[in-house]
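# Chain and residue survey
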Amino acid sequence: MQNVIIFGPPGSGKGTQSEKIIEKFGFAHISTGDILRAEIKSGTPLGVTAAKFIDNGQLVPDDLIIDMLENKLNTLNNMPGVIFDGFPRTVEQAKALKEMLEKRGEKISVMINLEVAKPELIDRLLKRGQISGRSDDKLETIEKRIKVYESQTTPVIDFYKNEGSYHGVKGVGSIDEIFSSISESIESCV
Ligand code: B4P
């Protein structure tokens, strides 16, 4: 059982590369962003709360995200692996994930950090905004999300460096080139 985290700033290609990982490795996909957007669309109490944070470029509070993640993880059985896309985004979430996996006798196999510089992130998200209709893909919100990433999410990098599971991958270039580095990194930790 492989547990892979796909990590990186907003617009670094986590969702894009996750699709390719699922296709090749048959892993289950847990994207906290996708789950939250589905909750918002259905108008659930969680969705109503989450929308206030997402529309403002902020992270949804840890307690809500951790409960949501644990519920999702408990629905998965007999998978060759799981890809955690967009989670953890804080050290608190990383610690909670470690505990959840330990209870199942598992651990993180590799944390893959997609390295992309800020101007490229802004460019990609503005382009996505033209077609996605996502409330958070506007310049003001994108800049806020990047700031939030720098202050609240980057400490997660040191957490996984200390755990010995960190792997940095250059997230610029063609989608296939990037995927080939990611594949090597997943295959090397089987
Ligand atoms: P997410 O849904 O996780 O979204 P993201 O970080 O914006 O995007 P991602 O990195 O997946 O980019 P993509 O592949 O689409 O989060 C949204 C919000 O939900 C967060 O801001 C937060 O508020 C909340 N949230 C989610 N998880 C949370 C958590 N754990 N805790 C608290 N809050 C949470 O790529 C972007 C664009 O680039 C696409 O248009 C793509 O086509 C393009 N692209 C991809 N790869 C490319 C390449 N190699 N070259 C050129 N373009 C590329």
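From a predicted model like this one, the values you see are computed outputs, not experimental measurements. (Residues numbered from 1 in each chain as written. Predicted model: local features only at pLDDT ≥ 70, side-chain atom pairs only at ≥ 80, totals over all residues.)

### A word on the overall build of the chain
Spelled out, the test is: A helix here means a DSSP run of H or I that spans at least four residues, while a strand means a run of E at least two residues long, and both kinds are numbered starting from the N terminus. When we talk radius of gyration, it's over C-alpha atoms, and the globule rule is simply 2.2 Å times the number of residues to the 0.38. Using C-beta atoms placed from the backbone, we call a residue buried if 20 or more other C-beta atoms fall within 10 Å of its own, exposed if 12 or fewer do, and partly exposed for counts in between. Residue pairs qualify as contacts under a 7 Å threshold applied to their C-beta atoms, which are placed from the backbone.
Scanning the chain from terminus to terminus reveals nine helices and five strands. Listing the helices and strands of the chain from first to last along the sequence gives β-α-β-α-α-α-β-α-β-α-α-α-β-α. In terms of overall size, the chain behaves like a compact globule, its C-alpha atoms giving a radius of gyration of 16 Å where 190 residues would be expected to give roughly 16 Å. A burial count over the chain gives 33% of its 190 residues as buried. When contacts within the chain are restricted to residue pairs at least 6 apart in sequence, those whose partners lie at least 24 apart make up 77%.

### With respect to the site of the ligand
Just so we agree on the cut-off: What makes a residue near a molecule or strand is its C-beta atom, placed from the backbone, lying within 6 Å of it.
The environment of the ligand is formed by 27 residues, the closest being Gly-13, Gly-15, Gly-33, Gly-86 and Arg-128. Among the secondary structure elements, those contributing two or more residues to the shell around the ligand are α1 (14–25), α2 (32–42), α3 (45–54), α6 (118–132) and α9 (175–187).

### Some thoughts on the packing of α6 against helix α7 (residues 139–153)
As a reminder of what qualifies: Fitted lines through C-alpha atoms serve as axes, helices being fitted only where they are in contact, and the angles separating the N-to-C directions of these axes extend from 0 to 180 degrees. Here roughly perpendicular refers to angles of 65 to 115 degrees, roughly parallel to angles under 35, roughly antiparallel to angles over 145, and oblique to all remaining angles. We call a crossing left-handed when the near helix sits turned anticlockwise from the far one by less than a right angle, and right-handed when that turn is clockwise. Under the convention adopted here, Pro, Cys and the residues Ala, Val, Leu, Ile, Met, Phe, Trp and Tyr are nonpolar, Asp, Glu, Lys and Arg are charged, and Gly plus all remaining residues are polar.
Relative orientation of the contacting elements α6 and α7 amounts to 140 degrees, with a least axis distance of 10 Å. Regarding the angle of α6 to α7, the classification is oblique. Handedness of the α6/α7 crossing: right-handed. Contacts between α6 and α7 involve Lys-118, Leu-121, Ile-122, Leu-125 and Leu-126 on the former and, on the latter, Leu-139, Ile-142 and Ile-146. In the contact of α6 with α7, the residues fall into seven nonpolar, no polar and one charged.

### Observations regarding helix α4 (residues 62–74)
Counting along an α-helix, one turn takes 3.6 residues, and residues three or four places apart therefore face a common direction. We count it as follows: Here a helix's expected span is defined as the number of its residues, less one, multiplied by 1.5 Å. Each C-beta atom gives one direction from the helix axis, and the arc is the one those directions make.
When the terminal C-alpha atoms of α4 are compared, their 18 Å separation across 13 residues agrees well with the 18 Å that a helix rising 1.5 Å per residue should span. All of the buried residues along α4 are Ile-65, Ile-66 and Leu-69. For α4, the angular spread of the buried residues around the axis is 95 degrees, confining them to a single face. For α4, the exposed residues set more than 90 degrees away from the buried face come down to Asp-63, Asp-67, Asn-71 and Asn-74. Each element contacted by the buried residues of α4 is listed here: β2 (28–31), α2 and α5 (91–103).

### Quick word on the UniProt feature "binding site: ATP" (unreviewed entry) in the chain
What counts is decided by this rule: UniProt positions are given in the numbering used here, feature names are shortened, and annotations may be inferred rather than shown by experiment.
In the numbering used here, UniProt assigns the "binding site: ATP" (unreviewed entry) feature to Gly-11, Ser-12, Gly-13, Lys-14, Gly-15, Thr-16, Arg-128 and Gly-173. Assessed through the 16 C-beta atoms surrounding it within 10 Å, Gly-15 is described here as partly exposed. The contact partners of Gly-15, leaving out residues within four places of it in the chain, are Ser-31 and Asp-85. Relative to the elements of secondary structure, Gly-173 occurs in the loop between β5 (166–170) and α9.

### Quick notes on the environment of Ile-5
On the secondary structure map, Ile-5 appears in strand β1 (residues 2–7). Separated by 13 residues in sequence, Ile-5 and Ser-18 have C-alpha atoms that sit 9.6 Å apart. Apart from the residues lying within four places of it in its own chain, the contact partners of Ile-5 are Phe-84, Ile-108, Met-111 and Ile-112.

### Points about the nonpolar core
Keep this limit in mind: Only buried residues count toward a nonpolar core: Ala, Val, Leu, Ile, Met, Phe, Trp, Tyr and Cys, linked into one set through C-beta atoms within 7 Å.
If you look at the biggest cluster of nonpolar residues, it comprises 32 residues, and the most contacted ones within it are Val-4, Ile-5, Phe-7, Ile-83, Phe-84 and Ile-112. Residue contributions to this core peak at four residues, all from β1. Beyond its immediate stretch of four places on either side in the chain, Ile-83 contacts Val-4, Ile-6, Ser-18, Ile-21, Ile-22, Phe-27 and His-29.

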